[in-house]
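# Observations on the model geometry
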Amino acid sequence: MVDVAIAQFAAGPEKADNLALIARFAAEAAAGGARMLVAPEFAMFTIPTMDERFVDSAESLDGEFVTGLREIAARHAMTVAAGVNEAIPGERRIFNTLVAVGPDGGIAATYRKLHLYDAFGFRESDVVQAGPIGSPETFTVDGITVGMQTCYDLRFPEVTRRIVDAGADVLVLPAAWMSGPLKEDHWTTLVRARAIENTMYAAAADQSGPVGSGASLIVDPMGVVIASLGERVGTAIGTVSPERIAEVRATNPALSLRRFGVVAKQ
């Protein structure tokens, strides 16, 4: 069994302050026995309005912020996953990138958000470039395989299905899920749905207000919420059990009974 932590906080425009928060929550999670910490989308830099400042904030994956994440992960001998603004050389747009850093301080996997949030009156694509479609990257935490997706991707069930097909038993889902009418209900409902239909764990770390809806949660393969944060800033820890995954998949063998696959649309 592996203990996994989610961190919920409101990132701001000062990257050093955001990194310090992640360091604080990583120490808190490690002290609680967690082997992985999942921080929100745009944990590196956030402002309420998406504009050119996101582009100006961006760094390469060997820049100061990811280097800081690598130091935090190595210090606590744990995996840290967080959303960063990745610079694209020669472009005035960025990748919305999720980086997973292993306990050795190396980058274990990356994920560039596929579905941009051009919905509910918002236009992420004005400053973000959609990631390329490729085979999902996974990484392991104490022998358990983990896959990644980001925020608005949650509304596209085929994204998670490709991740479980790649062998993942746990989904990490950083988000800056915008607040608004019914948005928190959509968030918690969809996180549970992705866990249930794929018989996998989901560790969903959202930004708290004013940008995000909060309500970060960890869900087991039967859809049971095993840890949650409500509106609070802080961390919560849930236990991932391979035995629970096997038990649920024996009771509900939906993955083996399905008659359709997912083919990526280029």
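Report follows, based on the coordinates. These numbers were taken from a predicted model, which means no experiment stands behind them.

## Brief notes about the overall build of the protein chain
Helices and strands together make up the secondary structure of the protein chain, namely seven helices and 12 strands. The C-alpha radius of gyration of the protein chain comes to 17 Å, within 12% of the 18 Å expected for a compact globule of 266 residues. With the principal axes as the frame, the protein chain shows a C-alpha extent of 50 × 40 × 35 Å. Within the protein chain, counting contacts between residues at least 6 apart in sequence, those at least 24 apart form 68% of the total. Put simply, the protein chain shows about 10900 Å² of open surface, and 53% of that area lies on carbon and sulfur atoms. For the protein chain, the distance from the average position of its 23 positive side-chain charges to the average position of its 32 negative side-chain charges is 5 Å.

## Re the sheet that holds strand E9 (residues 201-206)
Here we have six strands laid out as an open sheet, ordered E6-E7-E8-E9-E10-E11, and mixed in their pairing. The sheet terminates laterally at strand E6 (138-141) and strand E11 (225-228), the two strands that pair on one side only. Averaged over all neighbouring strand pairs, the angle between strand axes comes to 20°, with direction disregarded. Relative to E11, strand E10 (residues 217-219) is paired through three bridges, and the arrangement is antiparallel. The residue of E11 that forms the bridge with leucine 217 is serine 228. Packing against the sheet, helix H5 (residues 183-198) makes contact with strand E8 (170-175), E9, E10 and E11, and its axis sits at approximately 30° to E10.

## Focus: the sheet that holds strand E3 (residues 79-87)
Sheets are built from strands paired through backbone hydrogen bonds, the pairs being either parallel or antiparallel. Taken in spatial order, the six strands of this open sheet run E5-E4-E3-E2-E1-E12, and their pairing is mixed. Each having just a single partner strand, strand E5 (107-112) and strand E12 (234-240) make up the two edges of the open sheet. Strand-to-strand twist across the sheet, computed as the mean angle between neighbouring axes with direction ignored, equals 30°. Sheet topology places strand E1 (residues 2-8) next to strand E2 (residues 36-38); three bridges connect them, and they run parallel. Bridging from a neighbouring strand, valine 4 pairs with methionine 36 of E2. Relative to E12, helix H1 (residues 15-31) is tilted by about 40°, and along the sheet it contacts E1, E2, E3 and E12. Sheet contacts for helix H3 (residues 64-76): E3, strand E4 (94-101) and E5; angle to E3, the most-contacted strand, approximately 175°.

## Describing the nonpolar core
Looking at soluble globular proteins, one finds that nonpolar side chains tend to be buried together. Phe9, Ile22, Leu37, Phe54, Leu69 and Val84 are the most contacted members of the largest nonpolar core, which has 40 residues in total. For this core, the secondary structure elements donating two or more residues are E1, H1, helix H2 (52-57), H3, E3 and E4. Here this core gets six residues from one element, more than from any other, and that element is H1. Those residues in contact with phenylalanine 54 that lie beyond four places of it in its chain are Phe42, Phe45, Thr46, Ile47, Thr49, Asn85, Ile94 and Val127. By size, the runner-up hydrophobic cluster in this structure holds 32 residues, among which are Val2, Tyr111, Val141 and Leu171.

Cut-off values and rules
Residues numbered from 1 in each chain as written. Predicted model: local features only at pLDDT ≥ 70, side-chain atom pairs only at ≥ 80, totals over all residues. Heavy atoms only, no water. Helix = DSSP H or I, 4+ residues; strand = E, 2+ residues; numbered from the N terminus. Rg over C-alpha atoms; globule rule 2.2 N^0.38 Å. Contact = heavy atoms within 4.5 Å. Areas by Shrake-Rupley, 256 points an atom, 1.4 Å probe, with all protein chains shown as cover. Lys, Arg positive; Asp, Glu negative; His and termini not counted. Charge placed at Lys NZ, Arg CZ, Asp CG, Glu CD. Pairing = 2+ DSSP bridges. Axes fitted to C-alpha atoms, helices over the stretch in contact; angles between N-to-C directions. Core = buried A, V, L, I, M, F, W, Y, C linked by side-chain atoms within 4.5 Å. Buried < 20%, exposed > 50% of the residue type's maximum accessible area, 1.4 Å probe, protein only.

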